[in-house]
Amino acid sequence: MNSLFPRFAASAVICLSLPSCDRLGERESITETREVSSYAAKPNVDIPSATRFFDDAKEEPQQRPNFRQLLTWTVPEGWTEFSKPDPMGMRLLDLRFGPNQEGECYISLMPGPAGGLEANVNRWRTQMGQPAYTADAISKLPKKPFFNRDATFVAFDGDFKAFGAEQAQTGYSMLGLIHSAEQATIFVKLTGPKALVEQNTAAFDSFCQSIKPNVPQQ
């Protein structure tokens, strides 16, 4: 909504709170008149109130930045990019691996702290059917180098229930890195049958190390 309308509404509220506005019931004769110049703009009496108060002015929609272009990475051997787009629009890169492509690993990037480390770690714990960590336990989680800084590393075993899934998949493992800063939070998450995850742990580490900011060439 145009900023003129809130100012108009605020003026109306102020008027209603002033003593002088209580004299609406009084009558006062008009004793002075003046002729309207022929050069003056004619009033638009038939226009809708939305136009009169500029509420129909439409702002240009802001385009969501293409976060995928902000990063570069190296896909491990034997891993392939998933062909179907993420319906939630959260994954910058969605990879699959394993004999039946049952293993998956993805990158997601969100503005700001994205709810905080504790909330995100425990959201993953819930997906694996595990109880939430305390704040003290989260503070003691191991770190791994990532983006020239340290990221929190997690590794869980359990029964994995993906978002929107009706049933959990038993005997699964999850590996994840979370790096949070004031500007953005980046997630790297891998899930799959436990034996398959163990076979691809080194590939996960090398993949995480390959993720870098995409600096344009001069």
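Above this text sits the structure in question.
Residues numbered from 1 in each chain as written. Predicted model: local features only at pLDDT ≥ 70, side-chain atom pairs only at ≥ 80, totals over all residues. Heavy atoms only, no water.

1. Here's the deal with the overall build of the protein
Of regular secondary structure, the protein possesses six helices and nine strands. Residues counted as buried form 29% of the 218 residues belonging to the protein. Long-range pairs, those at least 24 residues apart, make up 56% of the contacts in the protein with a sequence separation of at least 6. Total accessible area on the protein stands at roughly 15,600 Å², and carbon and sulfur atoms take up 54% of it. (Helix = DSSP H or I, 4+ residues; strand = E, 2+ residues; numbered from the N terminus. Buried < 20%, exposed > 50% of the residue type's maximum accessible area, 1.4 Å probe, protein only. Contact = heavy atoms within 4.5 Å. Areas by Shrake-Rupley, 256 points an atom, 1.4 Å probe, with all protein chains shown as cover.)

2. Details of the pairing of strand β3 (residues 91–97)
For β3, the tally of buried residues reaches six of seven residues, placing the bulk of the element in the interior. Of the strand pairs in this sheet, strand β2 (residues 80–81) and β3 are connected by two bridges, and their pairing is antiparallel. Paired with T80 across the two strands is R96, which belongs to β3. Both β3 and strand β4 (residues 103–111) contribute to a ladder of six bridges, which runs antiparallel. Directly across from L95, in β4, lies its bridge partner C105. (Pairing = 2+ DSSP bridges.)

3. So, the pairing of strand β8 (residues 184–193)
β8 sits mainly inside the fold: eight of its ten residues count as buried. Here strand β7 (residues 169–180) pairs with β8 via nine bridges, running antiparallel. Residue pairing in the sheet places L177 in a bridge with V188 of β8. Here β7 folds back onto β8 in antiparallel fashion, the turn holding three residues.

4. A few points about the environment of V197
Locating V197 in the fold gives a position in helix α5 (residues 194–199). Under the relative-accessibility criterion, V197 is labelled buried at 3%. Here V197 is in contact with S173, L175, L190, T191 and G192, once residues within four sequence places are set aside.

5. Re the sheet that holds β3
The strand order across the open sheet formed by seven strands is β2-β3-β4-β8-β7-β6-β5, and the pairing between neighbours is antiparallel. Pairing within the sheet leaves two strands with one partner each, and these edge strands are β2 and β5 (143–146). Here helix α6 (residues 201–210) sits on the sheet in contact with β3, β4, β5, β6 (149–160), β7 and β8, set at roughly 20° to β7. (Axes fitted to C-alpha atoms, helices over the stretch in contact; angles between N-to-C directions.)

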